[in-house]
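Architecture at a glance
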Protein chains: 2
Amino acid sequence: MVFNEARARKIMADQSIDALVATSPDNVTYASGYWAMSHWARPGGPQVYAVIPADGGASPCLIAGSGNLDHVVDGESWVTEAYRYGFFATKTDGDALSDLDRRYAALLKAPDHGDAASALVAALRDRKLDRARLAIEETGIQPALLEKVRQELPHADIVPGGRVFRAIRTIKTSEEIERLRGAVRATEHGIVAALRLAKPGVAERDLMAEFDRTVITEGGVPVSSMCIGSGPRSALSNCQAGDRRLVAGEVIRFDGGVRYRWYRSDIARIAALGDPGDRVKRYYGALRAGAERAIEAIRPGVRCADVFRIAMDTVKKEGIAHFERSHTGHGIGINNYDAPDLAPKSDELIEENTVLCVETPYYELGFAGLQLENTVVVRAHGAEPLTSLGNELRIV
Amino acid sequence: MVFNEARARKIMADQSIDALVATSPDNVTYASGYWAMSHWARPGGPQVYAVIPADGGASPCLIAGSGNLDHVVDGESWVTEAYRYGFFATKTDGDALSDLDRRYAALLKAPDHGDAASALVAALRDRKLDRARLAIEETGIQPALLEKVRQELPHADIVPGGRVFRAIRTIKTSEEIERLRGAVRATEHGIVAALRLAKPGVAERDLMAEFDRTVITEGGVPVSSMCIGSGPRSALSNCQAGDRRLVAGEVIRFDGGVRYRWYRSDIARIAALGDPGDRVKRYYGALRAGAERAIEAIRPGVRCADVFRIAMDTVKKEGIAHFERSHTGHGIGINNYDAPDLAPKSDELIEENTVLCVETPYYELGFAGLQLENTVVVRAHGAEPLTSLGNELRIV
C-alpha cells in the first residue's frame, strides 16, 4: 500500500498522538487507499475522513456519506470498516449478489449517523478515543463540523493534523515510488508527443491537447497543472497554453505534470524551434549545470539548504550572475508539494526514500522562461533518477 | 462575464453585507474570473481570495501569492487589482516588455504583505471595510488565517459567506449558460465516441480513455467525474471504469461529466450491447418517463419539491413501484451541485435562468444501474434543453 504505516506509528508515538484523522482528499486516500469521487471533485463539499489509531488494538475506519460507500468495496481501500451518514437509495435484496455486492450492501445497511461529525464521534467513541489526543487534519473538515466534534468530545485533546501527515508522507513506500515513476513516464511521453507536432504556426493549445491525449493513453490523468508557453509567454511562470502560434527561433517551456494512480509528477523541459540564439543557450547551460550539481549533491544526511546553495551558486557562476530563487526543489507524492523544500532556510536533512523534484527556473519578462526540472528518489548512495528524458535543450 | 453582479448586489443589499470574500477555487473564479493553477490543483494549500465590495465606490481586488500574479494579467480575470504576499523571482527590467508584461511587472513590484491574512486585512482597510459586515467564505481560507483576520479586524462583523455565494450562483448569466452548453456538448460527444468502441470483450477502461480523449479534443477537461460501469457493476452509483470487459446483452451506464472553461456537466445515458431484456427496458421506460415529466413541469415559480414529486410518482406508476430517491436533480454551474435541489423538502421556487440537471437513477445490486439525466435552462416559458442526445436506451 502507499501509506507508510511504520513511519506513521513512529511519529504518532514520538508526538503522543493516539489517532490520526485525515480529512483532505490527498490524506484520506494516502492513509486508507479510499478514493471517493465527490470528495476529490468538490473540495470543501462532501465530508470524508479516515481514522488511523496509533496502536494495533483499534481498527482504522472511514467516515463517508452513504452515497460514497461503493468506493469502499470497489476501489483500492485497504480500510474496510465505515461509518456512514445520510440517505442513499440502492436496492440490495436481489438474489444474484456477488461478494462485493454483499459487502457493499452490509455497509449500506449499517446505522445512519446523520452527519459526518456524528459519525466521526461514534467511530472515536467505539475505539475509546473520546479522551485521547487526536491529530485532526484541519483543512478538509468543515469548521462547523470540527466545532461539533469538539463539543461532543470535551475531554479529547484535538491538535492540528496537517503537519503530521506531511511528516509521514516525506518518506515514500515502494508502491508510492512506482506510482511516481508512472506519473513521470506519462508526462515524459506527453512532452515527446507534443513536441512531435511543434513547428512554426502550430498553436500552444494544440501541443497541450496532444500532451493530454497521450497522458490518458498512458493511464495518466491531466489535472490542468502542465504549463506550456512559447516565446516571451514562456516567462510567465504558470503559463497556460493559449492561442499563440509557435515562431521559429523561439523556446517552448513545459513545466508541470499529471496524476497517475493519484500520484503527481512535476518536471520541466525546454525546447526551441531551431536555433534560439546565444543568450538562451548560455543561460540554459547555467540552469542545467545548477540542477545537475544539486542532484549530484543529494544523499541521505545532506542539509536541504546546502543543496539549494549548490544549485544557486552553480547557476550564478556558470552564466546568470543575477539569478534569484526562493527554492530549487521540493518533495512530491500524492501532493505536488510534499516535504522537504530545497530552500535557503531548510535545516532538514534529506532522508532515504524521499522523492524530490529539483529545478532551477529562470523567468525574464520580454525574453523567456528557461528551466530544467528532474525527479529523483533518494537512495543510500545518492539520487536515482525517475526522469529519463535527456537534460539538453531540445532543438526541434 | 460569468459573475452575476446584479444578483450579488441585490443579495448583499438584502442581507446588509458590505463585502463578499471568496476563498474557494470555484467562488474566486466565479466572482473575479481569476483562475490560479495552484489554487485549483492543491485545495487547502495556496491561499487566494477575491474581495467584492457591495457598492460601486470601492473596487474589487484579489489576494494572491506573488507566484500566482501572472494569472491576473494572462487569463480571464476582470479584477485587475491585487494584494500580493511572498517572494517570487522574475526579472522585470528588460527593454522589450509588452503591455501585459508591464502590468505583470507592476503587480510584482507592489508591496509584499507577508501572508494572505495580512494582505486581506490591508485590502479591507484600504477600502474602509475594517468595521464592516463581511461575508467570508469559510471553506477556502485556512482556519489559522481566518483567526488572524478576526484578531486584526476586531470591529468587523464576519459572517459565513458560502451560502451567500451559493444563492448568487443559482441564477446564471448568459456567459455561464454558454459554458454549460459547451460542457454538455463535450460530454455528449465523448459518450458517442466511447460507444463507437463498445463491443463484447472491450474493457470499460478503453471506453473511458476514448471518452477523455474526445473531451480534450472538444476543448473540455476530464475531471475524474465520469462514471462508466457495465453489467452488474453499473449498479455501483459512482462506478469507475475498470478492467471489466463488456458482455453482450448487458447495459453500460454513463453518468457524470467534465469541465469546459471551468463549467461543469453532469448527464447520464444508458446503452446496451444488444437486447438487454424485458426488465431493463421496462424499468428504463419508467425512469425515462419520470425524468421527462419532471422537465415538462419545470418553469419559473414551480416548487422544487413538486418537481421531485412528479418524477417520483411517474417512475413508480410507470413500472418501478419500489423506487426511492433522495433527490431527482440539482443545479449546476462552476460547481457540480449548485442550488436548488429537486428534493422532497425543497420549498424553493424555481427561478428563470437557473440551470438544472434532472435525473432519475435506479441502482439494484446484482442487476444494473439505470438512469437518464438531462440538463436544462429554465426560461420564462419552461425548460430549454442543453442536452441534445436522444433519451432512448441506446442499443449498440
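What you see is a predicted model; the values in this text were computed from it and never measured.

With 55 residues, the main nonpolar core has Leu-20, Tyr-34, Leu-69, Tyr-104 and Ile-168 of chain B as its most contacted residues. Looking at which element gives the most residues to this core, the answer is helix α5 (residues 99-109) of chain B, with four residues. Residues contacting Leu-20 of chain B, with those up to four places away along its chain left out, are Met-12, Ala-50, Val-51, Ile-52, Ala-135, Val-164, Phe-165 and Ile-168 of chain B. Ile-17, Val-28, Ala-36 and Ala-82 of chain A belong to the second largest nonpolar core, which has 54 residues in total.

Looking now at the environment of Glu-152 of chain A. Residue and element names in this part refer to chain A. Among the structural elements, Glu-152 can be located in helix α7 (residues 143-152). In sequence terms Glu-152 and Leu-356 are 204 residues apart; their C-alpha atoms lie 41 Å from each other. For Glu-152, the contacting residues outside a window of four places in its chain are Val-121 and Arg-125.

Attention now moves to the domain arrangement of chain A. Residue and element names in this part refer to chain A. Entries for chain A in the domain assignment read domain 1 (5-169) and domain 2 (174-395). Summarising the inter-unit geometry, the C-alpha centres of domain 1 and domain 2 are found 35 Å apart. Of all residues in domain 1, Glu-76, Arg-166 and Arg-169 give up the largest surface area on contact with domain 2, accounting jointly for 49% of the area buried on that side. Our count for the contact surface shared by domain 1 and domain 2 stands at five salt bridges. Asp-26 is the salt-bridge partner of Arg-259, the closest N and O atoms lying 3.9 Å from each other.

What follows deals with the pairing of strand β16 (residues 373-379) of chain B. Residues and elements named next belong to chain B. Judged by how many residues are buried, β16 sits mostly within the fold: six of seven residues are covered. Two elements, strand β13 (residues 355-359) and β16, share five bridges in a ladder whose sense is antiparallel. Bridge pairing in β16 places Glu-359 opposite Glu-373. Hairpin connection, β16 to strand β17 (residues 382-385): the antiparallel pair is bridged by two residues.

The subject of this paragraph is the sheet that holds strand β5 (residues 133-136) of chain A. Neighbouring strands of a sheet are bound in pairs by backbone hydrogen bonds; such pairs are parallel or else antiparallel. All names here are of chain A. Strand order in this open sheet of six strands is β4-β3-β2-β1-β5-β6, and the pairing throughout is mixed. The strands lining the two open edges of the sheet, one partner per strand, are β4 (82-85) and β6 (157-160). The mean angle between the axes of side-by-side strands here comes to 20°, regardless of whether they run parallel or antiparallel. Two elements, strand β1 (residues 19-22) and β5, share three bridges in a ladder whose sense is parallel. Following the sheet pairing, Ala-19 is matched in β5 by Leu-134.

With 56 residues of chain A at the contact, the number on the chain B side is 56 residues. Connecting chain A to chain B are two salt bridges. For the side of chain A that touches chain B, the class distribution of residues is 24 nonpolar, 19 polar and 13 charged.

It is worth spelling out helix α1 (residues 5-14) of chain A at this point. An α-helical turn contains 3.6 residues, so any two residues separated by three or four positions project in the same direction. Residues and elements named next belong to chain A. For α1, the set of buried residues is Arg-7, Ala-8, Ile-11 and Met-12. The buried residues of α1 occupy an angular sector of 130° when projected down its axis, which confines them to one face. Opposite the buried face of α1, at more than 90 degrees from it, the exposed residues are Ala-6, Lys-10, Ala-13 and Asp-14. Check the buried side of α1 and you find it contacts β1, β2 (49-53) and α8 (162-169). Just beyond α1, the residue with positive phi is Ser-16, at close to 50°.

Residue and element names in this part refer to chain A. Residue position: Glu-250 is located in the loop between β7 (221-230) and β8 (251-260). A distance of 2.8 Å separates polar atoms of two side chains, one belonging to Glu-250 and the other to Arg-244. Apart from the residues lying within four places of it in its own chain, the contact partners of Glu-250 are Ser-230, Gly-231, Pro-232, Arg-244, Ala-271, Ala-272 and Leu-273.

Before going further, it helps to examine the pattern of salt bridges. What the rule picks out here adds up to 73 salt bridges over all chains. Overlapping salt bridges, with partners in common, bring together Arg-303, Asp-306, Arg-309, Asp-313 and Asp-347 of chain A in one network.

A few words on the packing of helix α9 (residues 174-197) of chain A against helix α10 (residues 204-217) of chain A. Axes are the key here: two packed helices are described by the angle between their axes and the distance separating the axes. Residues and elements named next belong to chain A. It is the contact of α9 with α10, at a shortest axis distance of 8 Å, that shows an interaxial angle of 140°. By the angle between their axes, α9 is oblique relative to α10. For the pair α9 and α10, the sense of crossing is right-handed. Taking contact as the criterion, the partners of Ala-186, Thr-187, His-189, Gly-190, Ile-191, Ala-193, Ala-194 and Leu-197 in α9 are, on α10, Asp-206, Leu-207, Glu-210, Phe-211, Thr-214 and Val-215. Per-class residue counts for the contact of α9 with α10 are eight nonpolar, four polar and two charged.

Definitions and cut-offs
- Residues numbered from 1 in each chain as written.
- Chains lettered and ligands numbered in written order.
- Predicted model: local features only at pLDDT ≥ 70, side-chain atom pairs only at ≥ 80, totals over all residues.
- Heavy atoms only, no water.
- Core = buried A, V, L, I, M, F, W, Y, C linked by side-chain atoms within 4.5 Å.
- Buried < 20%, exposed > 50% of the residue type's maximum accessible area, 1.4 Å probe, protein only.
- Helix = DSSP H or I, 4+ residues; strand = E, 2+ residues; numbered from the N terminus.
- Contact = heavy atoms within 4.5 Å.
- Domains from an automatic or database assignment.
- Buried area = accessible area lost by both parts, 1.4 Å probe.
- Salt bridge = Lys/Arg side-chain N within 4 Å of Asp/Glu carboxyl O.
- Pairing = 2+ DSSP bridges.
- Axes fitted to C-alpha atoms, helices over the stretch in contact; angles between N-to-C directions.
- Nonpolar A, V, L, I, M, F, W, Y, C, P; charged D, E, K, R; others polar.
- Arc of directions from axis to C-beta.
- Polar contact = N/O pair within 3.5 Å; in protein donor to acceptor, adjacent residues only side chain to side chain.
- Parallel < 35°, antiparallel > 145°, perpendicular 65-115°, else oblique.
- Left-handed = near helix turned anticlockwise from the far one by under 90°.

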